[in-house]
Amino acid sequence: MRIKWVLAEPDAGITDMLADQAGLHPLIARLMANRGIIDPQAARSFLSCELSALSDPGIFSQMDTAVTRVRTAIAKDEKIVVYGDYDVDGVTGSSLLYLALKGLGANVISYIPDRMSEGYGLNAGALEKIKASGAGLVISVDCGITAFREAEAACSLGLDLIITDHHELHKPNREAPGPGVNKDGPGEGLSDSEVALPEVHAILHPALVVQGCSSADRLSVSGLTGVGIVFKFVQALQGTGTDDEQIRSHLDLVTLGTVADVGKIMGENRILVKHGLEVLSSSTTSGRPGIVALKQVTGLQGKKIGVGAVGFTLAPRINASGRLERADTAFRLLTTDSPEEAMALASVLDRVNKERQAVEETIREDARQQCLRTDLSALGAIVLSSDEWHPGVIGIVSSRIAEEFYRPTALICVRNGVGKGSARSIPGFNLYEGLCACSDLLLGFGGHTYAAGFSIAPGNIPLFRDRLSAIVRERMGPQGFVRTLSVDGAVTLNDLTIDMIREIEKLAPFGQGNPEPRLGTRGLEVVASRIVGSKHLKLRLKQGNGATMGAIAFNRGSQLGNQVRDGARLAAVFTPRLNVWNGTTTVELDIKDMKADKENSKA
């Protein structure tokens, strides 16, 4: 597929000002400006990334109400139920809140619904069981913000409900919300009077902040995921300052959930993840038996853990139990204080993850073949269904299909007369808004801009497919399906010194909202090329009369001898990295895309 390179062009006056007043190299100033950091003080704070910069949890407009209710429950020995979601964000958030409440002396238990039989979020049957168990207070984690009927059910049962969630708020003008709706708007901190909230004891959500809160603080907490909201709640419950060691002890769980849920690594999230990675990497501060065991079974013990290791190694194993079995296994792993139990549970999750990978690959190949048999150029969205797919892994497959075919994608598993769907989007299309426009065809839905879940009657699937496709085509236009690659700036190989790469690394951790810098150059000559690892392309490149530099192009081995050959001239977009081998540090290019550079060809 053709990829269009788009060079970011920040305001020269801003980059010059950042370089001068914040003491930054011009390239670093440019990278900052590309990420929306245009104030010298903000740039200095971004680079220092201190825990002391975390906001006061009182920024949330209903925090005092929530804290008071919990403290009352603790004082009366009232049973509290932490009701979480079954994904990594929900499980880590539930684990953190459960452990914190236990530490405060609460009578607390957890409840995580079964993905297969109960589905996502709060459900009336579970609330009835919780009430029958003698509980008086339920605290949701990573769910509940659109649970209007369930909020009414909790009230009728005599259960107080505190919702902690970060999903999209409900807009009544897009869908009839049903009973149990607070139609007076969200209260302080949110001006959109069209937003409706469930009628519950208290709600903690990134959009619900106090009036008079600075725009910087509002923006800083806006990207918090479910576990991030719980972290702020725990901060308030424990009354600890940001310099307290107890705060750091929570950050391994916060980092796991934030990275797994693809939270933006900006603002408060970036501070939490940066320090959380240090906790995860440490053999002394990360003493949580479950995390220690998980690192052992994945071969990460003693290694420095980055965002990639969390997202591709640790998080999938925590996620696996909720996808194929019950999420209780992962919850027990993260809350046990027994090293022996932790190792047994980590081994189970490692096995289940292997099973998940096999199931996922079978579904992916089935969905992929359906796409290859379809003229996708006529479609705005990919909507596929099957009664043979496992509902626990269709979200992962949706993401992979959306990436490969570059269309918003929804996969639907049909079982017992109901379709359970999981959808993923691409840049330029707000998936949640798209589902809002199809709400009359759905039994229920919720999610974010790029990821959402829904349920649907099987008979409505063809109508849903046609309408979602039409909406995508209308809102994106023909250019929306051209894959683009943002380039932070143009450089020469001579610019890429070891010291410069170390300066770039200070912008880490990288992730959603703070991507790894991508730089571009042209006039590269291929000095040597070979295949490594069966499908990767290893290159030696030079530019003009400069020294050669190593490069790796993952999954590009098929281009050897065609576009890439010794003596060929290339233009490339890449991320520069430091490579340490046998005690020697060199700069290596991780190539994201490359093209023949006809302007600089010898021909």
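Note: the structure precedes this text.
Residues numbered from 1 in each chain as written. Predicted model: local features only at pLDDT ≥ 70, side-chain atom pairs only at ≥ 80, totals over all residues. Heavy atoms only, no water.

Draft legend 1. The arrangement of the sheet that holds strand β4 (residues 135-141) in detail. Strand order in the open sheet made by the five strands is β3-β2-β4-β5-β8, with parallel pairing throughout. Looking at the sheet topology across the chains shown, the edges are occupied by β3 (107-111) and β8 (202-204). Averaged over all pairs of adjacent strands, the angle between their axes in this sheet comes to 20°, without regard to strand direction. Relative to β3, strand β2 (residues 79-84) is paired through five bridges, and the arrangement is parallel. When the sheet's bridge partners are listed, Tyr 83 is paired in β3 with Tyr 111. Each of β2, β4, β5 (160-164) and β8 touches helix α4 (residues 63-75); the most contacted strand, β4, lies at about 140° to it. Lying on the sheet, helix α6 (residues 124-132) is in contact with β2, β3 and β4; it crosses β4 at an angle near 140°. (Pairing = 2+ DSSP bridges. Helix = DSSP H or I, 4+ residues; strand = E, 2+ residues; numbered from the N terminus. Axes fitted to C-alpha atoms, helices over the stretch in contact; angles between N-to-C directions. Contact = heavy atoms within 4.5 Å.)

Draft legend 2. Region of interest: helix α7 (residues 148-157). Those residues of α7 not exposed but buried are Phe 148, Ala 151, Ala 153 and Ala 154. Of the residues trailing α7, Gly 158 is marked for its positive phi of about 85°. (Buried < 20%, exposed > 50% of the residue type's maximum accessible area, 1.4 Å probe, protein only.)

Draft legend 3. Structural detail: the state of the cysteines. For the structure on display, the rule yields zero disulfides. Not part of a disulfide, Cys 413 finds its nearest cysteine sulfur in Cys 371, a span of 17 Å. Lacking any disulfide linkage, Cys 436 is separated from the closest cysteine sulfur, that of Cys 438, by 9.4 Å. Cys 436 gets classed as buried once you look at its relative accessible area, which sits at 8%. (Disulfide = S-S within 2.5 Å.)

Draft legend 4. Layout of unusual backbone geometry. Cis geometry marks the peptide bond from Ala 508 to Pro 509, where omega comes out at 5°. If you trace the backbone, Pro 509 turns up in the loop between α20 (498-505) and β16 (519-532). Unusually for a residue other than glycine, Tyr 406 sits at a positive phi of about 50°. On the secondary structure map, Tyr 406 appears in the loop between α17 (394-405) and β10 (409-415). The class of Tyr 406 is buried, set by a relative accessible area of 7%.

Draft legend 5. Structural view of the sheet that holds strand β11 (residues 418-424). A sheet is described by the order of its strands in space; here five strands give the open sequence β9-β10-β11-β13-β12, paired in mixed fashion. Two strands close off the open sheet at either side, each with one partner strand: β9 (382-386) and β12 (444-447). The mean inter-strand angle of the sheet, taken between neighbouring strand axes irrespective of direction, is 15°. The pairing of β12 with strand β13 (residues 451-456) spans four bridges and is classified as antiparallel. The partner of Gly 446 across the bridge, within β13, is Gly 453. Sheet strands touched by helix α19 (residues 461-476): β9, β10 and β13. Its angle to β9, the strand with the most contacts, is close to 165°.

Draft legend 6. Spotlight on the packing of α6 against α7. Running from amino to carboxyl end, α6 crosses α7 at an angle of 25°, the nearest separation of the two axes being 10 Å. Here α7 runs roughly parallel to α6, going by the angle between their axes. For α6 against α7, the interelement crossing comes out right-handed. Note on element contacts: α7 touches α6 through Glu 150, Ala 153, Ala 154 and Leu 157, opposite Ala 124, Leu 127, Glu 128 and Lys 131. Tallied by class, residues from the contact of α6 with α7 come to five nonpolar, no polar and three charged. (Parallel < 35°, antiparallel > 145°, perpendicular 65-115°, else oblique. Left-handed = near helix turned anticlockwise from the far one by under 90°. Nonpolar A, V, L, I, M, F, W, Y, C, P; charged D, E, K, R; others polar.)

Draft legend 7. Summary view of the side chain of Asp 114. Summarising the element assignment, Asp 114 is placed in the loop between β3 and α6. A polar contact of 2.7 Å, which involves the side chain of Asp 114, links it to the backbone nitrogen of Ser 117. Residues contacting Asp 114, with those up to four places away along its chain left out, are Gly 119, Glu 325 and Arg 326. (Polar contact = N/O pair within 3.5 Å; in protein donor to acceptor, adjacent residues only side chain to side chain.)

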